[in-house]
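Here is how the chains run, residue by residue.
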Amino acid sequence: MSRKHFFPTPDGIVVHMLSSLAHRNPSLALDTPNRVLYNTAHPASQVSIISGGGSGHEPAWAGFVGDGMLSAAVCGDIFASPSTKQVMAGIKSVPSNEGTILCITNYTGDMLHFGLAREKAAREGGKVEVVCMAEDVALGREKSGKVGRRGLAGNLLVIKLIGAASQNGWSFERCRKIGELGNEQLVTIGTSLDHCHVPGREAFETVAEDACVLGMGIHNEPGLRTISPMPSPEEIVAEMLRYLLDPSDTDRAFVPFSTDDNVVLLANNFGGLSGLEFDAMVNVTLQVLKKDWKIVPSRIYAGIMEGSLNGQGFSITLGNMSGMAKAMSLKDDAVIELLDAPTSAPAWPKNGYQAYETSKETADLKAKAQTSAQESSSKDPGPPTPAFLIPALRSACDAALAAEQTITQYDMLMGDGDCGEAVAGVCKAILANISSVERNPPPLLALLESIAENVEDVGGSLGAILSILATAFTNALSAALLPPSPQPLDIQIIARAAATALEGLKNYTAAREGDRTVMDVLIPFVTRLGETGELGTAVEVAQQKAQETSEMVPRFGRATYVGEEMGEGRRKVPDPGAWAVGVWLGGLAKGM
């Protein structure tokens, strides 16, 4: 876990967070002393919905204050319940003629303080009731005992449903009932790679590198069990779904699900997973749900919904909307409409589940383009692929693959270390391409087009430059070899096409010779090829220029961000992209 924070202690951090939300959302106001964020637009004619708890779970709950969700959120210290006084301030911030519902996750401190506030408000004549939200399945019935299940991120589905019901003018009792159904129709389980770290506190425990914890809570509580060695993403998700869905697990089969039920998925990032990895896990969840359980969620909500500071974990919540609708004597669509109802709460994901129509204009344009492409493919394909080309390409790619480690070492000194991997990726793609057509090669231009697509897949600035060059070269060669004035293929035609492509490339990059980039190789190579018509001579110049980049100061790319002190000594290696192209061209010439 990371133990570094810009705020070395928790002092003042909660108020800063709440103030930020209030400044960014004009309808929200902050009772600073009591740390209550409330919606100034909430009308007294609607049921007030209030929630809250310890801070550190952002965006819960302050991020869900707004029309159609919470009327107010009450925020305690990090992982600590707000006081009764704070909760009373929250109730008074959004008075309602219809009544107030306190939505509380099932933790002792929250239950006691919100419960006492409820009693005080009732004594003062207010209509206030509590909805306890608890849907964690990790501990099961036996271990949770009298305490009951923990409240995890599934509570946000309850808040969305009950908030939309209030916004739609539902009565107090109906709002409360749909809230209470959350415990009956929702299940959640989490898994984490490590504990989170609280600013100003010592880290008391870590999870082994080759392990994850199933059922870890959102306050650094121990989980159900540690899984080691580290399973695959699919295995992790499959295990989590078994705890949520297996009807034979009588200790945890809290909610029955069938393939006909309308099911929603809420995937929650604890805060420390990258967006890349988290969304990948969401997709794995959808795949395993469909494969193992024949469930395809009608709604998917994903993101940092109820965090655990910088916790490296996530949770899966499944909600049976059909069960909820049946208990409310409604149709499934009526419950889904509550989830789809608009809200001004800043943190609720904007999934765009509103009705839409596919653009007919765009569909017609795509069909027209497809017809045009088919007509083009039926035209003169141009000359056949020369016999020497595929062996030459194979030699070039083999040479670059053999140099992958060196390319990576050069890039790690001045870049981010991915150049060798990228070059290897495109070479493997080209090799697979030419191997599949070697016995019956397509026409030359078709082969070059497919190779340009292989180069395009490499990514990064090097991939973009080489892809533009390859595409422009194929276009220039097509103009020379195809009607109306086709010319025979020779080295001069190739050299002129390369020169045309290079001039086109210059429109997209300001890099030139001397800037320590791949252009230090491409420009002299193409120039010398045009002057001499000799590939071997041009390659010798290219490789010499690649080596000379070791004496240059970088003016483009990530290497420019390396300070003089850090860069001294590191720059005595060639530019990895330039050197890789030199190696590839050398292999091409050898294969010829």
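Residues numbered from 1 in each chain as written. Predicted model: local features only at pLDDT ≥ 70, side-chain atom pairs only at ≥ 80, totals over all residues. Heavy atoms only, no water.

- Identification of the protein chain as Dihydroxyacetone kinase-like protein from Dothidotthia symphoricarpi CBS 119687 is taken from an unreviewed UniProt entry.
- Regarding the protein chain, the UniProt comment filed under Pathway (unreviewed entry) reads as follows: "Polyol metabolism; glycerol fermentation; glycerone phosphate from glycerol (oxidative route): step 2/2."
- On record in UniProt, under Function (unreviewed entry), the comment for the protein chain is "Catalyzes both the phosphorylation of dihydroxyacetone and of glyceraldehyde." (UniProt positions renumbered as here; feature names shortened; annotations may be inferred.)

Digging into the overall build of the protein chain
Consideration 1: When helices and strands are counted, the protein chain shows 21 helices and twelve strands.
Consideration 2: At 31 Å, the protein chain has a C-alpha radius of gyration far larger than the 25 Å of a compact globule built from 592 residues.
Consideration 3: Taken across its 592 residues, the protein chain has 51% of its residues classed as buried.
Consideration 4: Looking at the protein chain alone, contacts between residues at least 24 apart form 73% of all its contacts between residues at least 6 apart.
Consideration 5: For the protein chain, the exposed area adds up to about 27,700 Å²; of that, 53% sits on carbon and sulfur atoms.
Consideration 6: The average position of the 49 basic charges and that of the 68 acidic charges among the side chains of the protein chain differ by 5 Å. (Helix = DSSP H or I, 4+ residues; strand = E, 2+ residues; numbered from the N terminus. Rg over C-alpha atoms; globule rule 2.2 N^0.38 Å. Buried < 20%, exposed > 50% of the residue type's maximum accessible area, 1.4 Å probe, protein only. Contact = heavy atoms within 4.5 Å. Areas by Shrake-Rupley, 256 points an atom, 1.4 Å probe, with all protein chains shown as cover. Lys, Arg positive; Asp, Glu negative; His and termini not counted. Charge placed at Lys NZ, Arg CZ, Asp CG, Glu CD.)

A closer look at helix α2 (residues 84-93)
Consideration 1: Counted residue by residue, α2 has eight buried out of ten residues, so it is predominantly covered.
Consideration 2: Here α2 has its buried residues at T84, Q86, V87, M88, A89, G90, I91 and S93.
Consideration 3: Packed against the buried residues of α2 are β1 (28-31), β2 (36-39), β3 (48-55), β4 (72-78), β5 (100-105) and α3 (108-123).

Details of the pairing of strand β7 (residues 186-192)
A regular strand places its side chains on the two faces of the sheet in alternate fashion.
Consideration 1: By the criterion of burial, β7 is predominantly enclosed, with seven of the seven residues buried.
Consideration 2: Along β7, one buried face is formed by L186, T188, G190 and S192 and the opposite face, lined by V187, I189 and T191, is buried too.
Consideration 3: As paired strands, β7 and strand β12 (residues 313-320) are joined by seven bridges and run antiparallel to one another. Considered in β12, the bridge of G190 is made with S315.
Consideration 4: Of the strand pairs in this sheet, β7 and strand β8 (residues 212-214) are connected by two bridges, and their pairing is antiparallel. The partner of T191 across the bridge, within β8, is L214. (Pairing = 2+ DSSP bridges.)

As for the pairing of β12
Consideration 1: Among the eight residues of β12, eight are classified as buried, and the element is accordingly described as predominantly covered.
Consideration 2: Burial of the side chains of β12 extends over both faces: G313, S315, T317 and G319 are buried on one face and F314, I316, L318 and N320 on the other.
Consideration 3: Across seven bridges, the pairing between strand β10 (residues 263-269) and β12 is antiparallel. Directly across from L265, in β12, lies its bridge partner L318.

Quick word on the domain arrangement of the protein chain
Consideration 1: Taken domain by domain, the protein chain holds domain 1 (13-340) and domain 2 (386-591).
Consideration 2: Inter-centroid distance (C-alpha atoms) of domain 1 to domain 2 is 53 Å. (Domains from an automatic or database assignment.)

Structural notes on the side chain of E306
Consideration 1: By the secondary structure assignment, E306 is in the loop between β11 (299-303) and β12.
Consideration 2: Put simply, E306 is tucked away with no salt bridge, and the nearest opposite charge, on R150, sits 9.6 Å away.
Consideration 3: Within the local environment of E306, its side chain forms a polar contact with the side chain of N155, the two groups lying 2.5 Å apart.
Consideration 4: Those residues within four positions of E306 in sequence are excluded, and the remaining contacts are H57, A60, W61, G151, L152, A153, N155, L156, I218, N268 and N269. (Salt bridge = Lys/Arg side-chain N within 4 Å of Asp/Glu carboxyl O. Polar contact = N/O pair within 3.5 Å; in protein donor to acceptor, adjacent residues only side chain to side chain.)

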